[in-house]
Protein chains: 2
Amino acid sequence: MLREKGFKVTPQRLAICRFVLSSKEHPSVEKIYDKIQKVYPTISLATIYQTLHLLTKIGLLQEFALCNGSLRYDSNISPHLNLICKNCGKIIDYESEKINMFLSEIAKELELSLVGQHLELYVYCNQCK
Amino acid sequence: MLREKGFKVTPQRLAICRFVLSSKEHPSVEKIYDKIQKVYPTISLATIYQTLHLLTKIGLLQEFALCNGSLRYDSNISPHLNLICKNCGKIIDYESEKINMFLSEIAKELELSLVGQHLELYVYCNQCK
DNA sequence: GTTTAAATAATAATCATTATAAATTAGTTA
DNA sequence: TAACTAATTTATAATGATTATTATTTAAAC
Ligand SMILES: [Mn+2]
Ligand SMILES: [Mn+2]
Ligand SMILES: [Zn+2]
Ligand SMILES: [Zn+2]
């Protein structure tokens with residue numbers, strides 16, 4: 001995908017892709033940096049930021065921020081709900097055909113073309129409730 | 001509401017409430033500061049932040065962040081969709097009984113109690129599309 | 001193997017937010 | 001009404017996250 005769009009395939013980018021595109025944890029930049037440093041100790045934080053923005057721009061990743069403003073990265077780019085525990089902060093995805101139906105219904109009603117979404121539900125998770 | 005909860009009613013807090021609780025524009029901290037400075041030129045940025053957090057804590061205001069991380073304040077605390085224009089950044093609310101139905105259906109299915117939500121739909125607005 | 005534009009690393013700069021501490025004040029009480 | 005006091009505000013410093021800068025390195029093309 002990188003090569004297709006004219007970007008170089010570097011070991012740093014591969015390492016970041018390998019971790020972040022398979023993560024289901026909605027990691028922060030710090031988490032990603034820590035993880036990548038273990039397999040690639042000389043990587044720079046600037047490279048992490050640049051690569052995450054690049055992956056977002058080419059549509060492989062979704063960037064979002066929690067209510068407090070902290071940036072997170074989501075490898076699930078399809079429409080889904082992010083269930084966020086108010087207590088422990090854990091985020092899990094919820095996918096359902098209902099969501100697609102709801103969104104397309106809304107889009108039709110508004111006569112607007114939907115180009116993206118980010119849906120956060122705040123809950124107490126099974127461990128915390 | 002402030003007095004009920006044991007907080008003092010100061011002119012600074014009143015000025016902030018008057019603006020932000022009636023605004024439908026989802027203003028940023030900077031926008032709020034600029035606006036309040038016109039009626040209250042000596043106000044400190046720290047007071048703005050403190051007051052916004054206080055109003056959020058007592059449930060008069062909802063704090064959220066756009067995908068890029070910029071903080072916004074929403075005086076509409078009921079469940080609704082925020083329609084965000086990808087081009088000009090304008091945010092408008094969309095309220096509908098469908099949203100409440102959708103959310104309660106999901107909550108029942110998940111057997112989780114929903115304690116809040118923040119729903120962003122990215123679109124191109126009528127002026128921009 | 002050379003070449004070159006793109007990418008990386010290290011670091012400085014910037015911006016947003018929070019912490020600190022002295023001065024002021026809202027609300028209570030005499 | 002005046003005095004009191006804890007809460008609030010202000011001004012400013014500190015912090016933390018992100019971006020900019022620039023010299024060095026490297027992926028990909030030839
Ligand atoms: Mn997700
Ligand atoms: Mn809104
Ligand atoms: Zn939890
Ligand atoms: Zn627009």
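The following paragraphs examine the structure supplied in this document. (Residues numbered from 1 in each chain as written. Chains lettered and ligands numbered in written order. Predicted model: local features only at pLDDT ≥ 70, side-chain atom pairs only at ≥ 80, totals over all residues. Heavy atoms only, no water.)

**Some words on the coordination of the zinc ion (ligand 4)**
All names here are of chain B. For the record, the criterion: Here a donor is any nitrogen, oxygen or sulfur atom (N, O, S) within 2.8 Å of the metal, with 3.2 Å used for Na, K and Ca; water is not among the atoms considered, so some sites may look incomplete. Counting from the N terminus, the helices are the DSSP runs of H or I reaching at least four residues and the strands are the DSSP runs of E reaching at least two. Exposure is judged per residue with a 1.4 Å probe applied to protein chains only, and the accessible area is read against the type maximum: over 50% gives exposed, under 20% gives buried, and values in between give partly exposed.
Distances from the zinc ion (ligand 4) to its protein donors, C85 (SG), C88 (SG), C125 (SG) and C128 (SG), fall at 2.2 to 2.4 Å. As a motif over one chain, the donors of the zinc ion (ligand 4) read C-x2-C-x36-C-x2-C. Residue C85 is found in strand 3 (residues 81-85), and its partner C125 is found in the segment after strand 5 (114-123); the two are separated by 40 residues along the sequence. Note on C125: relative accessible area 9%, which makes it buried.

**Some remarks on the sheet that holds strand 3 (residues 81-85) of chain A**
Rule in force here: By the convention used here, strands pair only if DSSP detects at least 2 bridges between them. Angular values range over 0 to 180 degrees, each being the angle between N-to-C directions of two axes fitted as lines to C-alpha atoms, with helices fitted over their stretch in contact.
With respect to topology, 6 strands assemble into an open sheet ordered 4(A)-3(A)-5(A)-5(B)-3(B)-4(B), the strand pairing being mixed. For this open sheet the edge positions go to strand 4 (91-94) of chain A together with strand 4 (91-94) of chain B, each flanked by a neighbour on one side alone. The sheet shows a mean angle of 25° between the axes of neighbouring strands, taken without regard to direction. Sheet topology places strand 3 of chain B next to strand 4 of chain B; 4 bridges connect them, and they run antiparallel. Each residue of the ladder has a partner; that of B:L81, found in strand 4 of chain B, is B:Y94.

**Remarks on helix 2 (residues 29-39) of chain A**
Residue and element names in this part refer to chain A. Note the cut-off: Directions from the helix axis toward the C-beta atoms define the arc. Contacts are residue-level and defined by heavy atoms, with any inter-residue pair within 4.5 Å sufficient.
Within the span of helix 2, buried status applies to V29, I32, Y33 and I36. Taken around the axis of helix 2, the buried residues stretch over an arc of 100°, which confines them to a single face. Facing away from the buried side of helix 2 by over 90 degrees, the exposed positions are E30, K31 and K38. Residues of helix 2 that are buried sit in contact with helix 1 (11-20), helix 3 (45-57) and strand 2 (71-74).

**Regarding the packing of aromatic side chains**
Formally: Aromatic pairs are defined between Phe, Tyr and Trp rings, using the six-membered ring for Trp, whenever the two ring centres lie within 6.5 Å; interplanar angles under 30 degrees are classed as stacked, those over 60 as edge-to-face, and all others as tilted. Charge-over-ring contacts are defined here by two conditions on Lys NZ or Arg CZ: a distance within 6 Å of the ring centre and an angle within 35 degrees of the ring normal.
Inspection of every chain in the model, using the stated rule, returns 1 aromatic pair over all chains. Residues A:F102 and B:F102 carry aromatic rings whose centres are separated by 4.1 Å and whose planes lie at 5° to one another, so their mutual orientation is stacked. Of this pair, A:F102 sits in helix 4 (residues 97-110) while B:F102 sits in helix 4 (residues 97-110), on two different chains. Among the residues examined, A:F102 registers a relative accessible area of 8% and is labelled buried. If you follow A:K86 out to its NZ or CZ, it ends over the ring of A:Y122, 5.3 Å from the centre.

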